[in-house]
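If you want the building blocks of each chain, they are given just below.
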Amino acid sequence: MRAQVQQGLVLGMSTLAFTVCFMVWMMFAVLGVPIKEMLALNETQFGLLAATPVLTGSLVRLPLGLLTDRFGGRIVFFLLMLSCVLPLYLITLATEFWQFLVLGLFVGLAGGSFSVGIAYVAKWFDKQNQGFAMGVFGAGNAGAALTKFLAPALIAFGSWHLVPKVFSAILFITALLFWFLTTEKKEHSGAGGATLREQLKALKEPAVWRYCQYYSIVFGGYVALALWMTKYYVQEYGFSLQSAALLAACFSLPGGVLRAVGGWMSDRWGAQSVTWWVLWVSWICLFLLSYPQTQLQVQTVNGTVDFHIGLNATLFTVLLFVMGIAFAFGKASVFKYIANDYPKNMGAVSGIVGLAGGLGGFVLPIMFGALVDLTGVRSSCFMLMYGVVWVSLIWMYLTEVRKRPLLGKQPPALQSPFSSIAQGEEHVRSTNA
């Protein structure tokens, strides 16, 4: 009974801490809009401002994952949250573009909390329930939606300076609650005596790089669009900041809270099947979202007829909502791959994959801004992501899907190099059945 209570507290407090860290990490999605107006930034500069915290949050994921394997998730998570409190508060004093960028780099450390928490939580659960537990923890991505609810209200109540002040206080209180309500088992640290070199051997695994590619879409794309959509609604459809943030939350919220459902689906049907369908749904949604607002003039026998082709705000939001759900499932299924294949080295591998996903979240907003500055077409951000998803579908088909048998079991001679993953998933499915 005591062990179950500890499990529940670890999962609950880790999820809460990750939600707050993600809320802080995505702060510039809303805060960047008034700062953009104050500093008269162009689209590329706004993309850089929004993405700067994502850079450090991505780069520290691998070392934080290694530290978690060696020292345990509790102490690493606690110190990480404390290290972000002061730079977060100092944003209120910034007046120049470079000051926001530098402080954003330090605040971005909060984004590294994922590789700490995912390894910390996974070690508390058996294999049959890991996917669901990691999905519950990953639902902390909903912190991106929490930013969109809380930050506009704070800006409307006072000014943008109120946002970092309140967020720093929330982060500090969360860190204290996490420390006093969680615990650590000695056997969960030490990485089995593995050296840094042994842990980094995962970089030689082709499967790890494939998981990095998938995660750069379902997480990197999620982060990029969560940062970009508030401003997109303001400029494309003319909404106020408060209304735009609420509509953008239609993507951020399901992209976070439904991750637990994706974990359950991955436990039941396997990571590969879930990821395959996630990519297809994303591909279809991005195809429709990519089409720019178009005025078409057709010469007919009765004269000229004008047509308007483009998504209205309602249909646009529905497509974003569907894609947010798909991304939520995909984020969970990618980490189910890792839990199946690298149970002893999850901190290092999740750090590598998280790094790739975070770098996607850093590069994409900058590319979104550059494409808008170059083409003048706002939907070019979706065109870019459409191409990336298309490449991933082809890669997944060639390396995984094509090697699966049409009917029956795959003969041993034809098994792929990644058959251990498939065997692990088959074991999970037979157990659940």
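First, a word on scope: everything that follows refers to the structure included in this document. Keep in mind the model is a prediction, meaning the values are calculated, not measured. Sequence order as written defines the numbering, with residues in each chain counted from 1. Only residues with pLDDT of at least 70 get local features here, since the model is predicted, and only at 80 or more are side-chain atom pairs given and counted; chain-wide, interface and lining totals rely on the full set of residues. Values shown for side chains rest on all heavy atoms present in the structure; no hydrogens or waters enter the calculation.

## So, the overall build of the protein
Phase 1 of the analysis: The helix and strand tally for the protein stands at 20 helices and 2 strands.
Phase 2 of the analysis: When accessible area is computed with a 1.4 Å probe and restricted to protein chains, residues below 20% of their type maximum are described as buried, those above 50% as exposed, and intermediate ones as partly exposed. In the protein, buried positions account for 56% of the 433 residues.
Phase 3 of the analysis: If you take every contact in the protein between residues at least 6 apart in sequence, the share linking residues at least 24 apart comes to 84%. Strands here are runs of E lasting at least two residues and helices are runs of H or I lasting at least four, both read from the DSSP assignment and numbered beginning at the N terminus. The contact rule is simple, with two residues in contact once any of their heavy atoms fall within 4.5 Å.

## Things to note about the pairing of strand 1 (residues 294–300)
Phase 1 of the analysis: Strand pairing follows a simple DSSP-based rule, namely that at least 2 bridges must link the two strands. As defined by bridge partners, strand 1 adjoins strand 2 (residues 303–309) across 7 bridges and the pair is classed as antiparallel. Among the inter-strand pairings, Leu296 is bridged to a residue of strand 2, identified as Phe307.
Phase 2 of the analysis: Counted between consecutive antiparallel strands, the loop separating strand 1 from strand 2 contains 2 residues.

## Things to note about helix 6 (residues 97–107)
Phase 1 of the analysis: Residues of helix 6 that are buried include every one of Phe97, Phe100, Leu101, Leu103, Gly104 and Val107, and no others.
Phase 2 of the analysis: Elements that come into contact with the buried residues of helix 6 comprise helix 1 (2–25), helix 2 (28–39), helix 3 (43–59) and helix 5 (73–90).

## Here's the deal with the packing of helix 1 against helix 8 (residues 127–138)
Phase 1 of the analysis: For helices, the axis comes from a line fit to the C-alpha atoms of the stretch in contact; other axes are also lines fit to C-alpha atoms, and the angle between any two N-to-C directions lies between 0 and 180 degrees. Helix 8 packs onto helix 1 with a crossing angle of 35° between their chain directions and a minimal axis gap of 8 Å. Seen from helix 1, the contacting residues are Leu11, Ser14, Thr15 and Phe18; seen from helix 8, they are Ala133, Val136, Phe137 and Gly138.
Phase 2 of the analysis: Each residue gets one label: Ala, Val, Leu, Ile, Met, Phe, Trp, Tyr, Cys and Pro are nonpolar, Asp, Glu, Lys and Arg are charged, and the others, such as Gly, are polar. Each residue belonging to the contact of helix 1 with helix 8 can be placed in one class, and the counts come to 5 nonpolar, 3 polar and no charged.

## So, the packing of aromatic side chains
Phase 1 of the analysis: To pair, rings of Phe, Tyr and Trp, with the six-membered ring standing in for Trp, must have centres within 6.5 Å; the planes then decide the type, stacked if under 30 degrees apart, edge-to-face if over 60, and tilted in the middle. One pass over the structure, following the stated rule, counts 34 aromatic pairs.
Phase 2 of the analysis: Connected via pairs of aromatic rings, a cluster forms that spans Phe18, Phe22, Trp25, Phe114, Phe137, Tyr215, Phe219, Tyr222, Phe251 and Phe327.
Phase 3 of the analysis: When the ring centre of Trp179 is taken as reference, the NZ or CZ atom of Arg74 above it lies at 3.7 Å.
Phase 4 of the analysis: Placement of a positive charge over a ring is assigned whenever Lys NZ or Arg CZ falls within 6 Å of the ring centre and within 35 degrees of the normal to the ring plane. Taking the ring centre of Tyr222 as reference, the NZ or CZ of Lys331 above it sits at 3.4 Å.

## Some words on helix 7 (residues 113–122)
Think of an α-helix as turning once every 3.6 residues; residues three or four places apart then point the same way.
Phase 1 of the analysis: Along helix 7, 10 of the 10 residues are buried, which leaves the element largely enclosed by surrounding structure.
Phase 2 of the analysis: For helix 7, the set of buried residues is Ser113, Phe114, Ser115, Val116, Gly117, Ile118, Ala119, Tyr120, Val121 and Ala122.

## Overview of the side chain of Ser216
Phase 1 of the analysis: Residue position: Ser216 is located in helix 12 (residues 206–218).
Phase 2 of the analysis: Setting aside residues up to four positions removed in sequence, Ser216 forms contacts with Gly221, Ala356 and Gly357.

## A look at the pattern of salt bridges
Opposite charge on two side chains allows them to pair when their charged atoms are near.
Phase 1 of the analysis: A carboxyl oxygen of Asp or Glu within 4 Å of a side-chain nitrogen of Lys or Arg is what we treat as a salt bridge. One pass over the structure, following the stated rule, counts 4 salt bridges.
Phase 2 of the analysis: For Arg378, the salt bridge is made with Glu236, and the minimal N-O distance between the two is 3.2 Å. Here the residue Arg378 occupies a position in the loop between helix 18 (346–375) and helix 19 (380–399), and Glu236 occupies one in helix 13 (residues 220–237), the gap between them amounting to 142 residues.
Phase 3 of the analysis: Among the residues examined, Glu236 registers a relative accessible area of 22% and is labelled partly exposed.
Phase 4 of the analysis: Between Lys336 and Asp267 there is a salt bridge; the shortest N-O distance is 3.0 Å. Remark: Asp267 occurs in helix 15 (residues 259–269) and Lys336 occurs in helix 17 (residues 313–341); sequence separation between them is 69 residues. Comparing Lys336 with Asp267, the two get one shared label, buried.

## Focus: unusual backbone geometry
Phase 1 of the analysis: One non-glycine residue with positive phi stands out, namely Ala40, at about 55°.
Phase 2 of the analysis: On the secondary structure map, Ala40 appears in the loop between helix 2 and helix 3.
Phase 3 of the analysis: Accessibility expressed as a relative area gives 64% for Ala40, which makes it exposed.

## Some remarks on the environment of Leu109
Phase 1 of the analysis: Counting through the fold element by element, Leu109 comes out in the loop between helix 6 and helix 7.
Phase 2 of the analysis: Taking the relative accessible area as the measure of exposure, Leu109 reaches 22% and is therefore partly exposed.
Phase 3 of the analysis: Setting aside its immediate chain neighbours within four residues, Leu109 contacts Thr56, Gly57, Val60, Leu80, Ser83 and Cys84.

## Regarding the packing of helix 3 against helix 13
Each packed pair of helices is defined by two parameters, the angle between the axes and the distance between the axes.
Phase 1 of the analysis: Packing of helix 3 against helix 13 brings their axes to within 10 Å, and their N-to-C directions diverge by 145°. Crossing angle aside, the handedness with which helix 3 passes helix 13 is right-handed. Listed contacts from helix 13 to Glu43, Phe46, Gly47, Ala50, Ala51 and Val54 of helix 3 are Val223, Leu227, Trp228, Lys231 and Gln235.
Phase 2 of the analysis: Of the residues belonging to the contact of helix 3 with helix 13, the class tally is 7 nonpolar, 2 polar and 2 charged. Note on convention: near helix rotated counterclockwise from far helix by under a right angle means a left-handed crossing. Clockwise means right-handed.

## Brief notes about the side chain of Ser115
Phase 1 of the analysis: Relative to the helices and strands, Ser115 is located in helix 7.
Phase 2 of the analysis: Any pair of N or O atoms that falls within 3.5 Å is considered a polar contact. Within protein, one atom must be able to donate a hydrogen and the other to accept it, and sequence-neighbouring residues count only if both atoms are side-chain atoms. Side-chain polar atoms of Ser115 contact the backbone oxygen of Arg61, separated by 2.9 Å.
Phase 3 of the analysis: Here the side chain of Ser115 touches Gly112 through a polar contact of 3.3 Å, landing on its backbone oxygen.
Phase 4 of the analysis: Beyond its immediate stretch of four places on either side in the chain, Ser115 contacts Arg61, Leu64, Gly65, Thr68, Ser350 and Gly351.

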